Amino acid sequence: TEEMVGAMEERVMIMLKGHKEEVQASVDRSARETRDLLGSVTEGRREELLERERFQQSLLEESRRQYDEWESLSKDVRRRVDDMDARSTRASGEAISKTDAAIGRIQGD
(Lines give C-alpha, C1' and ligand atoms only; values in the text may rest on other atoms or scores of the structure.)
Protein backbone atom coordinates (compact mmCIF):
# COMPACT_ATOMS: atom_id res chain seq x y z
CA THR A 1 0.00 0.00 0.00
CA GLU A 2 2.85 2.36 0.76
CA GLU A 3 4.22 1.67 -2.70
CA MET A 4 0.81 2.40 -4.21
CA VAL A 5 0.61 5.69 -2.30
CA GLY A 6 4.14 6.51 -3.40
CA ALA A 7 3.27 5.69 -7.03
CA MET A 8 0.08 7.78 -6.78
CA GLU A 9 2.01 10.70 -5.30
CA GLU A 10 4.52 10.43 -8.12
CA ARG A 11 1.75 10.41 -10.74
CA VAL A 12 0.05 13.40 -9.05
CA MET A 13 3.40 15.25 -8.97
CA ILE A 14 3.94 14.48 -12.68
CA MET A 15 0.37 15.64 -13.46
CA LEU A 16 0.83 18.81 -11.39
CA LYS A 17 4.18 19.48 -13.05
CA GLY A 18 2.60 18.97 -16.50
CA HIS A 19 -0.32 21.19 -15.54
CA LYS A 20 2.04 23.85 -14.20
CA GLU A 21 4.01 23.76 -17.47
CA GLU A 22 0.77 24.04 -19.49
CA VAL A 23 -0.40 26.98 -17.37
CA GLN A 24 3.00 28.66 -17.66
CA ALA A 25 3.01 28.13 -21.44
CA SER A 26 -0.52 29.57 -21.61
CA VAL A 27 0.50 32.59 -19.50
CA ASP A 28 3.60 33.12 -21.67
CA ARG A 29 1.50 32.84 -24.86
CA SER A 30 -1.09 35.30 -23.47
CA ALA A 31 1.67 37.70 -22.48
CA ARG A 32 3.18 37.54 -25.98
CA GLU A 33 -0.23 38.01 -27.60
CA THR A 34 -1.00 40.92 -25.29
CA ARG A 35 2.40 42.50 -26.02
CA ASP A 36 1.89 42.02 -29.78
CA LEU A 37 -1.63 43.39 -29.60
CA LEU A 38 -0.51 46.37 -27.53
CA GLY A 39 2.33 46.95 -29.98
CA SER A 40 0.01 46.89 -32.97
CA VAL A 41 -2.55 49.10 -31.20
CA THR A 42 0.21 51.50 -30.21
CA GLU A 43 1.58 51.46 -33.78
CA GLY A 44 -1.92 51.98 -35.17
CA ARG A 45 -2.52 54.83 -32.74
CA ARG A 46 0.85 56.27 -33.64
CA GLU A 47 -0.05 56.18 -37.34
CA GLU A 48 -3.43 57.73 -36.57
CA LEU A 49 -1.76 60.52 -34.59
CA LEU A 50 0.80 61.09 -37.34
CA GLU A 51 -1.97 61.26 -39.94
CA ARG A 52 -3.88 63.74 -37.77
CA GLU A 53 -0.72 65.81 -37.36
CA ARG A 54 -0.14 65.79 -41.14
CA PHE A 55 -3.76 66.88 -41.69
CA GLN A 56 -3.46 69.70 -39.15
CA GLN A 57 -0.17 70.78 -40.72
CA SER A 58 -1.83 70.91 -44.15
CA LEU A 59 -4.65 73.03 -42.69
CA LEU A 60 -2.10 75.36 -41.12
CA GLU A 61 -0.21 75.68 -44.40
CA GLU A 62 -3.46 76.36 -46.28
CA SER A 63 -4.40 79.00 -43.70
CA ARG A 64 -0.99 80.65 -44.10
CA ARG A 65 -1.33 80.56 -47.89
CA GLN A 66 -4.78 82.15 -47.70
CA TYR A 67 -3.54 84.76 -45.22
CA ASP A 68 -0.66 85.66 -47.54
CA GLU A 69 -3.08 85.85 -50.47
CA TRP A 70 -5.48 88.09 -48.54
CA GLU A 71 -2.60 90.23 -47.29
CA SER A 72 -1.42 90.69 -50.87
CA LEU A 73 -4.93 91.57 -52.04
CA SER A 74 -5.32 94.00 -49.14
CA LYS A 75 -2.07 95.75 -50.04
CA ASP A 76 -3.15 95.94 -53.68
CA VAL A 77 -6.52 97.45 -52.71
CA ARG A 78 -4.82 99.97 -50.39
CA ARG A 79 -2.40 100.92 -53.18
CA ARG A 80 -5.29 101.38 -55.63
CA VAL A 81 -7.30 103.43 -53.12
CA ASP A 82 -4.24 105.63 -52.45
CA ASP A 83 -3.76 106.01 -56.23
CA MET A 84 -7.42 106.95 -56.74
CA ASP A 85 -7.21 109.40 -53.83
CA ALA A 86 -4.13 111.03 -55.36
CA ARG A 87 -5.85 111.28 -58.76
CA SER A 88 -8.96 112.72 -57.14
CA THR A 89 -6.87 115.28 -55.24
CA ARG A 90 -5.05 116.28 -58.45
CA ALA A 91 -8.33 116.48 -60.39
CA SER A 92 -9.90 118.60 -57.63
CA GLY A 93 -6.85 120.88 -57.63
CA GLU A 94 -7.02 121.24 -61.41
CA ALA A 95 -10.79 121.93 -61.27
CA ILE A 96 -10.26 124.58 -58.60
CA SER A 97 -7.49 126.18 -60.65
CA LYS A 98 -9.67 126.22 -63.78
CA THR A 99 -12.59 127.61 -61.79
CA ASP A 100 -10.38 130.33 -60.30
CA ALA A 101 -9.02 131.14 -63.76
CA ALA A 102 -12.56 131.31 -65.18
CA ILE A 103 -13.70 133.53 -62.31
CA GLY A 104 -10.64 135.74 -62.88
CA ARG A 105 -11.46 136.03 -66.57
CA ILE A 106 -15.09 136.83 -65.88
CA GLN A 107 -14.19 139.46 -63.30
CA GLY A 108 -11.55 140.85 -65.62
CA ASP A 109 -13.99 141.24 -68.50
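Residues numbered from 1 in each chain as written. Predicted model: local features only at pLDDT ≥ 70, side-chain atom pairs only at ≥ 80, totals over all residues. Heavy atoms only, no water.

Draft legend 1. Examining the overall build of the protein more closely. Within the protein, the secondary structure is distributed over one helix and zero strands. For 109 residues, the compact-globule estimate of 2.2 N^0.38 gives 13 Å, and the C-alpha radius of gyration of the protein, at 46 Å, exceeds that figure by more than 25%. Considered along the principal axes of its C-alpha atoms, the protein spans approximately 160 × 15 × 5 Å. By the burial criterion, 0% of the 109 residues in the protein qualify as buried. When the accessible area of the protein is evaluated, it comes to approximately 10300 Å², of which 57% is carbon and sulfur surface. For the protein, the distance from the average site of its 20 positive side-chain charges to the average site of its 26 negative ones is 7 Å. (Helix = DSSP H or I, 4+ residues; strand = E, 2+ residues; numbered from the N terminus. Rg over C-alpha atoms; globule rule 2.2 N^0.38 Å. Buried < 20%, exposed > 50% of the residue type's maximum accessible area, 1.4 Å probe, protein only. Areas by Shrake-Rupley, 256 points an atom, 1.4 Å probe, with all protein chains shown as cover. Lys, Arg positive; Asp, Glu negative; His and termini not counted. Charge placed at Lys NZ, Arg CZ, Asp CG, Glu CD.)

Draft legend 2. Summary view of the pattern of salt bridges. Within the structure shown, the criterion is met by eight salt bridges. Via salt bridges that share partners, Arg45, Glu48 and Arg52 belong to a single interconnected network. (Salt bridge = Lys/Arg side-chain N within 4 Å of Asp/Glu carboxyl O.)

Draft legend 3. Molecular detail of the environment of Arg54. If you trace the backbone, Arg54 turns up in helix α1 (residues 2-108). On the basis of relative accessible area, Arg54 is assigned to the partly exposed category, the value being 45%. A distance of 3.0 Å separates polar atoms of two side chains, one belonging to Arg54 and the other to Glu51. (Polar contact = N/O pair within 3.5 Å; in protein donor to acceptor, adjacent residues only side chain to side chain.)

Draft legend 4. Representation of a nonpolar patch on the surface within the structure. A cluster of nonpolar side chains, contributed by Val12, Met13 and Leu16, occupies part of the molecular surface with about 300 Å² of accessible area. A relative accessible area of 41% means that Val12 is categorised as partly exposed. (Patch = residues over 30% accessible without salt bridge, like charges linked within 9 Å, V, L, I, M, F, W, Y side chains within 5 Å.)

Draft legend 5. Broad picture of the environment of Gln56. Along the chain, Gln56 turns up in helix α1. The class for Gln56 is partly exposed, based on a relative accessible area of 48%. Placed 17 residues apart in sequence, Gln56 and Leu73 show a C-alpha to C-alpha distance of 25 Å.

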